[in-house]
Amino acid sequence: MRVFFMFFFGLCTTVCFAQNSKIANDEQSSFGIFTSYRTFVGDNFLAKSYNNYPTFGMQFSLNVYKKFNVGAFYRYNQAKIISTQYVGNTQNSSVSDFGVFLSYSKKLSNKWLFIPKIGIGGFNLKNQIIDNRSYERFRYYTFGSVFFIAPEINYFINKDLIAFTVVDYGFVDFTGITASKAAGTNYNAANQLNFALGIKVGF
Amino acid sequence: MNNKILLLFIALFFLGCGKLQFDGMAFLTVKGRLTDANNTSIPNITLQVYNTKETAGGFGSRGTDEAICATGVTDSNGDFKINYPKSNGDVYLQLPYGLQMIDSVKVNSNYNYLVYLQPNKFINALIDLQTLKISYK
């Protein structure tokens, strides 16, 4: 057991500190996972109906030209209902979005990168009504498009291992939704904010 | 070829069809006011939007899908407004147990706690029932 811990400690210190002298690489591809907190803001049916649990997601970024990358991401979270006034008696909801982005890497120092991103994606809200008598589940889905900007900060733990944080603002377009103006809120657009922390591997 | 058609027919027969479904891309609104026979507003009454659809099951059996898809409460003026997802079933506004509609135009006499929300009465996803007179049974 002692040997195992010594080996593990040695591995960790090697991974974390062995290449501290290397500088951040602003021309590399990466794959990462992250957790984030998503919240909806403004006068819209999402902001009035849901509180969100933490989001989990992944992203892939491919270096295509000098400091420019293209990438893809996927995020998912359960959503807690705070009001059924606008979306029906849903008892179990979740939100996911996925999309592509274009980013540019700007080196701030030997270990820090600033990566502004712009992207587009799809948005999927799942709701579920459960009949109280039969317990049958009826699911219904709301789809939209997301347009977002996302400034990201990267910290190079070592040459290949990168911690990152990102705050992204997304405009969610729901022009496909039919709803009455008398409903008392906006069903055709929403705004979302995501605060994410994650780790990625560069290659 | 005939065998494929026969298999398809059998599969459909066993699977059944026509289940109640909701549309997350269409939300409807029902609004109105509850009063008693003397036109006095009735606050704090919980109303439900009830969906029902006859379904065809396997072996020719029939069933009914039902779901309460939304609820709302009348305010101090007796006014209510309920938003709910559109469904492919028949949709009714339902009074709580112990109350009945006394407006003969809007109610089916066999089910006087229900008001049918006729699809052709919606204008821009809104149906205004105006005043509904109710009484205790």
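Since the structure is predicted, the reported quantities are computational estimates derived from the model, not experimental observations.

A. Representation of the overall build of chain B in the model. Scanning chain B for helices and strands turns up 1 helix and 9 strands. Helices and strands in chain B line up, N terminus first, as α-β-β-β-β-β-β-β-β-β. Out of the 137 residues belonging to chain B, those deemed buried represent 42%. Taking all contacts inside chain B whose residues are at least 6 apart in sequence as the whole, residues at least 24 apart take part in 71%. A total of about 7,900 Å² of accessible surface is found on chain B, and carbon and sulfur atoms cover 53% of it.

B. Inspection of the pairing of strand S1 (residues 30-41) of chain A at higher detail. Residues and elements named next belong to chain A. In S1, alternate side chains face the same way, and those of Ser-30, Gly-32, Phe-34, Ser-36, Arg-38 and Phe-40 are buried while those of Phe-31, Ile-33, Thr-35, Tyr-37, Thr-39 and Val-41 on the opposite face are not. Examined bridge by bridge, S1 and strand S10 (residues 189-202) share 12 bridges and lie antiparallel to one another. Paired with Ile-33 across the bridge in S10 is Ile-199. With 8 bridges joining them, S1 and strand S3 (residues 54-65) adopt antiparallel strand pairing. Bridge assignment links Phe-34 to a residue of S3, and that residue is Gly-57.

C. Structural view of the layout of surface pockets. All names here are of chain B. Approximately 170 Å³ is the volume found for the second largest pocket. In terms of lining residues, the second largest pocket is bounded by Leu-28, Tyr-84, Lys-86, Ser-87, Asn-88, Gly-89, Asp-90, Val-91, Tyr-116, Leu-117, Pro-119 and Phe-122. Elements that contribute at least two residues to the lining of the second largest pocket include exactly strand S4 (79-87) and strand S5 (90-94). Examining the composition of the lining of the second largest pocket, we find that 3 residues originate from one element, S4, more than from any other. Counted by class, the lining of the second largest pocket contains 7 nonpolar, 3 polar and 2 charged residues.

D. Molecular detail of the environment of Ser-49 of chain A. Relative to the helices and strands, Ser-49 of chain A resides in helix H2 (residues 45-49). For the pair Ser-49 of chain A and Ala-163 of chain A, spaced 114 residues apart in sequence, the C-alpha separation works out to 33 Å.

E. Molecular detail of the sheet that holds strand S9 (residues 126-136) of chain B. Residue and element names in this part refer to chain B. Within the open sheet, the 4 strands sit side by side as S4-S1-S9-S6. Their pairing is mixed. Both outer strands of the open sheet, S4 and strand S6 (99-101), are each paired with one neighbouring strand and no more. Neighbouring strand axes in the sheet, compared pairwise and without regard to direction, differ in orientation by 40° on average. Summarising the sheet, S6 and S9 pair through 3 bridges and their orientation is antiparallel. In the strand pairing of S9, Leu-99 is matched with Tyr-136.

F. Region of the structure containing the environment of Lys-80 of chain A. Residue and element names in this part refer to chain A. Assignment of secondary structure puts Lys-80 in strand S4 (residues 68-81). Once the C-alpha coordinates of Lys-80 and Phe-171 are considered, the two residues, 91 residues apart in sequence, prove to be 21 Å apart. Setting aside residues no more than four positions away along its own chain, Lys-80 makes contact with Ser-49, Tyr-50, Asn-51, Asn-52 and Tyr-53.

Parameters and conventions
- Residues numbered from 1 in each chain as written.
- Chains lettered and ligands numbered in written order.
- Predicted model: local features only at pLDDT ≥ 70, side-chain atom pairs only at ≥ 80, totals over all residues.
- Heavy atoms only, no water.
- Helix = DSSP H or I, 4+ residues; strand = E, 2+ residues; numbered from the N terminus.
- Buried < 20%, exposed > 50% of the residue type's maximum accessible area, 1.4 Å probe, protein only.
- Contact = heavy atoms within 4.5 Å.
- Areas by Shrake-Rupley, 256 points an atom, 1.4 Å probe, with all protein chains shown as cover.
- Pairing = 2+ DSSP bridges.
- 1 Å grid on protein atoms, 1.4 Å probe; cavity = no way out; pocket = protein on both sides within 12 Å on 5 of 7 lines; lining within 4 Å.
- Points joined across faces, edges and corners; volume = space filled by probe spheres on them.
- Nonpolar A, V, L, I, M, F, W, Y, C, P; charged D, E, K, R; others polar.
- Axes fitted to C-alpha atoms, helices over the stretch in contact; angles between N-to-C directions.

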